Structures are given as structure tokens and as C-alpha cells.
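Spelled out from the first residue to the last, the chains are:
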Amino acid sequence: MILAENGMDYAGNITFPKALYDPKRISYCRSYLQELKKAVDDGADVVGYFTWSLLDNFEWRSGFTSRFGIIYVDYNTLKRYPKLSAYWFMNLLRRPMF
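Below is a short write-up of the structure. (Residues numbered from 1 in each chain as written. Predicted model: local features only at pLDDT ≥ 70, side-chain atom pairs only at ≥ 80, totals over all residues. Heavy atoms only, no water.)

In terms of helices and strands, the chain carries three helices and four strands. The helix and strand sequence of the chain, counted from the amino end, reads β-α-α-β-β-β-α. Projecting the C-alpha coordinates of the chain onto the three principal axes gives extents of approximately 45 × 30 × 20 Å. Every one of the 98 residues in the chain was classed for burial, and the buried ones make up 32%. When contacts within the chain are restricted to residue pairs at least 6 apart in sequence, long-range pairs at least 24 apart make up 53% of them. Here the chain contributes 13 positive and 10 negative side-chain charges, whose respective centroids are spaced 9 Å apart. (Helix = DSSP H or I, 4+ residues; strand = E, 2+ residues; numbered from the N terminus. Buried < 20%, exposed > 50% of the residue type's maximum accessible area, 1.4 Å probe, protein only. Contact = heavy atoms within 4.5 Å. Lys, Arg positive; Asp, Glu negative; His and termini not counted. Charge placed at Lys NZ, Arg CZ, Asp CG, Glu CD.)

Below you can see the structure in the form of C-alpha cells.
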């Protein structure tokens, strides 16, 4: 049984607008899911998938400077903003790509 996860960060302190626009994360996740689908078609016993991570958070190695989440967190106000990748995942769930 395999529980698959993937994720990528945007390293460094990037601006708010650039943090919300994350096409590289979408491309990375799309490619990952395409390869995961091939593995399932070849017989892999995949029982789940999640993206790392839902929210931007503290990372032990890089503190608050890496943005892993598909939801941007304003660390001053704790307000949350969906990134482009969050909308991509939402649409994927409504209309699967496979």
C-alpha cells in the first residue's frame, strides 16, 4: 500500500502577489499526479494522495521563508489567501484530469 504525497516550496521571501501566483507548483503537481496515475495503471496499490502542505508554515530548516502551502498565510495577521494552485486543485477535484 502506498500513501503518496508531494510538494514544493518557493524559497525566500517573495512578494505577496508572487506568492499567490505559483504556476511552477501547479506544473510540478500535475506532473506528479500523471506519473502516479501511470504507477496505478501498472499495478501500484495507491490508497491515498495529499499535497504538502495545505498552509504555509514554519519549516525547521528555513523558518518562515519557504512557502510550501497552497494557501498563503500572512504571518502578521494569520489571514489566509488561496494561491493559484489551490484553485487548480479545487478544479481538479471537480473535473478529474484522468
